[in-house]
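Coordinate analysis (summary)
One letter stands for each residue in the lines below.
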Amino acid sequence: MSLLDDVKYLLSEAQENIEKAASLDVLNELQIKYLGRKGSLTAILKKLKDLPVEERKQTGAFANQSRKQLEEFFKTAKEKYSTKREKTFFDPTLPGTNPRVGVVHIINQVIGDICQIFYGMGFEIAEGPNVETDYYNFEALNFPPDHPARDMQDTIFVEGGRLLRTHTTPVQARVLEKQKPPIKIITPGLCFRNEAISTRSHVAFYQVDGFLVDEGVTMADLKGALVAFCKAFFGEDLKLKFRPSFFPFTEPSAEVDISCFLCKGKGCQVCKYSGWLEILGCGMIDPNVLENVGIDSEKYTGYAFGMGVERPAMLKYKINDIRLFFNNDLRFLKQFE
Ligand code: DAH
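My aim in this report is to walk through the structure given alongside it, one point at a time.

How each quantity is defined
- Residues numbered from 1 in each chain as written.
- Predicted model: local features only at pLDDT ≥ 70, side-chain atom pairs only at ≥ 80, totals over all residues.
- Heavy atoms only, no water.
- Salt bridge = Lys/Arg side-chain N within 4 Å of Asp/Glu carboxyl O.
- Helix = DSSP H or I, 4+ residues; strand = E, 2+ residues; numbered from the N terminus.
- Buried < 20%, exposed > 50% of the residue type's maximum accessible area, 1.4 Å probe, protein only.
- Near = heavy atom within 4 Å.
- Polar contact = N/O pair within 3.5 Å; in protein donor to acceptor, adjacent residues only side chain to side chain.
- Areas by Shrake-Rupley, 256 points an atom, 1.4 Å probe, with all protein chains shown as cover.
- Nonpolar A, V, L, I, M, F, W, Y, C, P; charged D, E, K, R; others polar.

Here we take up the pattern of salt bridges. With the rule as written, the count across this model stands at nine salt bridges. Residues R243 and E255 are paired through a salt bridge, measuring 3.7 Å at the closest nitrogen-oxygen approach. Here R243 is found in strand 7 (residues 240–247), whereas its partner E255 is found in strand 8 (residues 250–259), with 12 residues between them in sequence. Its relative accessible area of 16% is what places E255 among the buried residues. Among the salt bridges present, the one from R243 reaches E278, with a minimum N-O distance of 3.7 Å. Residue R243 is located in strand 7, and its partner E278 is located in strand 9 (residues 276–285); the two are separated by 35 residues in the primary sequence. Take E278: its relative accessible area is 43%, and that puts it in the partly exposed class. Several salt bridges converge on common partners, so that one network encompasses R243, E255, D257 and E278.

So this is what it looks like as structure tokens:
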């Protein structure tokens, strides 16, 4: 095989490899392999001097032409990977395109608003696990094993004897167990109950509990805190009603109704023409609960309250279906920018 044949072979091989090359790195490597100082074509050219004059001229000319051709091939192949943009006309007076920005989920906004109000009253935030033990969800909170109040909670049980917490109240037990009074905490979080999903109830929902334990805490402190909260959250011109109720972990217990801020208490569809909206549960922490977590109930007293998040959110923003919070429909969520 003559040197000319070598050049021809090299040219076609190189051309084929350039076409197959799938990245800029590969192209660079090929360029060094064929055209570099120690490359194949250079090696062939070095042998030219041994050829007879005529053949040397012919082969030399062809080799130079092949080098130019390969350089051209490499250049075109590399253009595909070039990051340099073509300069186009840029009009700085045109309005910019806004990047798409996400929105904080309306439920998180409401949780944020609730926490902010209590934060302003000196409460700190604590969180607990969604998968709870029977002890923290029930027993520490003064639900004896066969207490009928357990039935009201429609508990979802999971493996290992654990359950999905049915309220955020277990965080009370967890915090009280670890900290020493004075303790002033709110506990936002997700809860679960095995309820039929409808416009008004869902298997997953949020609650915020709050509690204060110190010496000499009374029901008057509880009322003061809740009146301040409800006015800050729903509006100043609001009436509150404390209705006697029952919770195993508080004694005495109450439920708080606020005057319907939609009809100003006159009666409407939302308040079912009663003029009142039920908002939260509360009470003085049962001494049994304090003793369960190792706090001296002779020395300390405490109040506690707990509220759902979806219902106040629905009332405040006039949302008529709780499922909208969980459907992730951007058309709904984007309204709360
Ligand atoms: N855990 C109760 C529920 O889910 C709400 C509640 C009522 C929480 C009274 C409290 C409380 O902390 O004091 O229905």
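Below, the discussion takes up the site of the ligand. Near the ligand you find 15 residues, and of these H167, T169, Q172, R193 and D209 are the closest. Interatomic distance of 3.0 Å between a side-chain N/O atom of Q207 and an oxygen atom of the ligand. Here the ligand, which alone exposes 350 Å², has 90% of that area covered by the protein. Contributions of two or more residues to the shell around the ligand are made by strand 6 (204–214), strand 9 and strand 10 (301–308). Here the shell around the ligand is built from residues that sort into five nonpolar, eight polar and two charged.

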